[in-house]
Every structure is written in structure tokens, then in C-alpha cells.
Amino acid sequence: MTLRSEPTARQLRLAVELRRLRDAAGLTAREAAALLGVTAPAISQIESGIAGVSEKRLRRLASNYSCTDQELIDALAAMATDRTKGWWEEYRELLPTPFLNLAELEHHATFLQEVQFLFVPGPLQTEDYARAVFSDRVPELPAEDVELRVRHRMQRAAAAAETPYEAVIHEAALRIMVGDRSTSRAQLTHVLEASEAEHVTVRVIPFHLEGFTSAASAMTYAGGAVPKLDTVVRDGPQGAAFIDSEAQLGAFRTLFHKVESASLDPERSRDFIHKLSKEL
């Protein structure tokens, strides 16, 4: 079997879930290997994502681990047999791997929820706004790299056009001037237009809103085929971090609902954004 040199985030997630099932069963890698009729290193390679696993072998593992969650097993089997070569593959070795992993995650997501405080969320950005964001980097990116990032961001938005999407945006992100005045005004207009789509919901957190103290909790929450396969993405100094532990997922679900309940409803949010655009 050919080993992978760089597993994708989705392949790693499958590996992590299989390790969690084995741990829950109280089995060592050696014991699991004996039940499957393979070597312990083979189990380790599967659980590190550098080796794939067939659907038949995955279901045997799940049975050996006494897993009775059939929906989870079916979802893992679908991940194991997925051979999708998505549009993001054209950017491999051109953009950092987290860009590709995020696009892959969004491609398979059943829904997306996002909270942003400094910038308009990526899926709602215009091309000029995205270009201004990527151009204002320290150290400065080469023009070719900026254009690659802009093109990738626009393709992400187009690819997720039918995925249910809810964005909660702080007023700060709407007021910060990104690029020139016309770019910022066009961006607000674009958010308003996008919010009219049936699958898109936009909510705003105004500065004056009371009962809101979670201003440091920007995140993207991606729904999996089953809730156990949900993922949270958070940007950090070293790149995007993918969070998938059950306890943390529960905390982020609670956090999103808290932010959502504290924000303006969609209609009042559109009125708020329209008012801001008139002020520019």
C-alpha cells in the first residue's frame, strides 16, 4: 500500500476518529491488529493518516471496537472511500496547505456558521476587498501570491453557493475601511445582496448591543455528516487550527448560539448594514 506523504485534514480526521473508537474500546494497537489480522504498524499507519483503509476493513474495525453508532460508521466509511479530487487541488504546492484543507472542509460541510469581528467573512468578500486584505500583509506578499489567494477565495465562495451559511459579523468588521472607500461601500452592498439568498443568513452585532462579551471568539463552525464529525476552524498566528474534540465542539456550539442570540435579527441586520453603507 502506498503511504501518503501529506494527508489532508479530512484524511487525518478519519484517522483520529478511528483512534478514538479504539481508545473507547480499551484496546491497544497491537490488540486491534490481532483482531484484524494485520500488524501493529499497519494500525498505526491508518491512525496517523499516512495509510488509507478500505470500507470492508473499516467496518471490521468498528465491529471489533463494539461501535454501535451506525450513522457514524456509515459517515466514516464514506470518508474512507472518498476519492474526490476537488478544485482546490490545482493550488497544491502553490498555496499553504491550510488553504486547501479549508476548501475541502467546506466542500463536505452540511452547513457553515461563522463569527467575525475584524473582517467581513471570506465567503461574503468581494474580489477587491479580498485583494485589499491579502495585500495588507506583513511581510508583504508577492503580487502573484496575492492573486492566487484572491482567486482561491472567490472559488471557495462559488463552490459553497448552496451550503446553508450563517454569518454573525461585528459592527467593527463592517466599519473598518479595507482598501479605499468605494471598495468598502461595494463590500457592504455585496453583503446585503448575498443576504437575500435563501441559504444565507447574516446577523450583525452593533457596538451598543448589551449582553455580549465574546468579542475574541471568531470562528468557523462546519457541520459534518453527523454531529460527531463537526469541525471548528480558528485562525491563529501560525495558520488555521482545526478543532474536533467532542468537548470543545460542544463549547463552540454553545458559544455560537450565545453570539447568535445576542445579535440583531436578519431583517434588522440588513437595515443596519444599509444605514452604514449610506454613511460611507
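This text goes with the structure placed above it.
Computed from a predicted structure; not experimentally measured. (Residues numbered from 1 in each chain as written. Predicted model: local features only at pLDDT ≥ 70, side-chain atom pairs only at ≥ 80, totals over all residues. Heavy atoms only, no water.)

## Considerations on the pattern of salt bridges
Inclusion rule: Salt bridge, as used here, is a side-chain nitrogen of Lys or Arg placed within 4 Å of a carboxyl oxygen of Asp or Glu. Here a helix means four or more residues in a row that DSSP labels H or I, a strand means two or more in a row labelled E, and each is numbered from the N terminus. When a residue's accessible area, from a 1.4 Å probe over protein chains only, is under 20% of the maximum for its type it is buried; when over 50% it is exposed; and in between it is partly exposed.
Here the structure, examined in full by the defined rule, presents 21 salt bridges. Between D82 and R10 there is a salt bridge whose closest N-O contact spans 3.4 Å. One end of the pair, D82, is in the loop between α5 (70-81) and α6 (97-108); the other, R10, is in helix α1 (residues 9-25), with 72 residues separating them in the sequence. Using a relative accessible area of 24% as the deciding quantity, one classes D82 as partly exposed. Among the salt bridges present, the one from R156 reaches E106, with a minimum N-O distance of 2.7 Å. Of this pair, R156 sits in helix α8 (residues 143-159) while E106 sits in helix α6, and the two are 50 residues apart along the sequence. No difference in accessibility class separates R156 from E106, as the two residues are buried. When salt bridges that share partners are traced, they join R13, E17, R20 and D244 into one network.

## Things to note about the environment of D235
Tracing the chain through its elements places D235 in strand β5 (residues 231-236). Remark: the alpha-carbon pair of D235 and G52, spanning 183 residues in sequence, is separated by 28 Å.

## What about unusual backbone geometry?
For residues besides glycine, phi is generally negative; the peptide bonds are generally trans as well. Phi at S66 takes a positive value of approximately 60 degrees, unusual for a residue other than glycine. Looking at the element boundaries, S66 is found in the loop between α4 (55-64) and α5. Residue classification places S66 among the exposed residues on the basis of a relative accessible area of 59%. Phi angles above zero are rare outside glycine, and E93 is one such case at about 70 degrees. Relative to the helices and strands, E93 is located in the loop between α5 and α6. According to the relative accessible area criterion, E93 is exposed, its value standing at 79%.

## Focus on the packing of aromatic side chains
How we decide: Pairing of aromatic side chains requires ring centres within 6.5 Å, counting the rings of Phe and Tyr and the six-membered ring of Trp. Pairs whose planes differ by under 30 degrees are stacked, by over 60 edge-to-face, and all others tilted.
Counted according to the given criterion, the structure contains three aromatic pairs. With 6.0 Å between their ring centres and 80 degrees between their planes, W87 and W88 make a pair best called edge-to-face. Residues W87 and Y91 carry aromatic rings whose centres are separated by 6.1 Å and whose planes lie at 90 degrees to one another, so their mutual orientation is edge-to-face. A connected cluster of aromatic rings, assembled from ring pairs, spans W87, W88 and Y91.

## Points about helix α11 (residues 246-262)
Rule in force here: Here a helix's expected span is defined as the number of its residues, less one, multiplied by 1.5 Å. By arc we mean the arc of the directions from the helix axis to the C-beta atoms, nothing more.
Across its 17 residues, α11 extends 25 Å between first and last C-alpha, which sits within 8% of the 24 Å expected from 1.5 Å per residue. Of the positions making up α11, those classed as buried are L249, F252, L255, F256, V259, E260 and A262. What you see down the axis of α11 is that its buried residues fit within an arc of 165 degrees, all on one side. For α11, exposure combined with an orientation more than 90 degrees from the buried face picks out E246, A247, T254 and S261.

## Considerations on the pairing of strand β2 (residues 165-170)
As a reminder of what qualifies: We call two strands paired when DSSP finds no fewer than two bridges between them.
Along β2, six of the six residues are buried, which leaves the element largely enclosed by surrounding structure. Residues Y165, A167 and I169 point to one face of β2 and E166, V168 and H170 to the other, with burial holding for every one of them. Alignment of strand β1 (residues 112-116) against β2, held across five bridges, turns out to be parallel. Within β2, the position partnered with Q113 by the bridge is E166. Both β2 and strand β3 (residues 200-205) contribute to a ladder of six bridges, which runs parallel. Across the sheet, Y165 pairs through a bridge with V200, a residue of β3.

## Brief notes about the environment of G179
Here G179 shows up in the loop between α9 (171-175) and α10 (181-194). Sequence separation of G179 and E210 is 31 residues, and the distance between their C-alpha atoms is 30 Å.

## A word on helix α3 (residues 40-47)
We count it as follows: Only heavy atoms matter for contacts: two residues are in contact if any of them lie within 4.5 Å across the pair.
For α3, the complete set of buried residues consists of A40, A42, I43, I46 and E47. All buried residues of α3 fall inside an arc of 160 degrees around its axis, so they share one side. Here the buried face of α3 lies against α1, α2 (29-36) and α4. Remark: G49 follows α3 within two positions and exhibits a positive phi of approximately 85 degrees.

## What about a nonpolar patch on the surface?
Heads up, the rule is: The patch calculation keeps residues exceeding 30% relative accessible area without a salt bridge and links them within 9 Å when they carry like charges or within 5 Å when they are nonpolar (Val, Leu, Ile, Met, Phe, Trp, Tyr). The protein chains shown are the only cover counted for residues, whose accessible areas, like all others here, come from Shrake-Rupley with a 1.4 Å probe.
Residues L118, F119 and I176 make up a contiguous nonpolar surface patch of roughly 270 Å² in combined accessible area. Assignment of secondary structure puts F119 in the loop between β1 and α7 (127-135).

## Remarks on the nonpolar core
For clarity, the cut-off: Put simply, buried Ala, Val, Leu, Ile, Met, Phe, Trp, Tyr and Cys residues joined by side-chain atoms within 4.5 Å make one nonpolar core.
Counting residues in each nonpolar core, the largest one holds 26 residues, and the members touching the most others are L14, V53, L58 and L76. For this core, the secondary structure elements donating two or more residues are α1, α2, α3, α4 and α5. Broken down by element, this core gets its largest block of residues, seven residues, from α5. Here L76 is in contact with L14, E17, L21, L58 and L229, once residues within four sequence places are set aside. Judged by nonpolar contacts, the second largest core, of 25 residues, contains A109, L112, A132 and F272.

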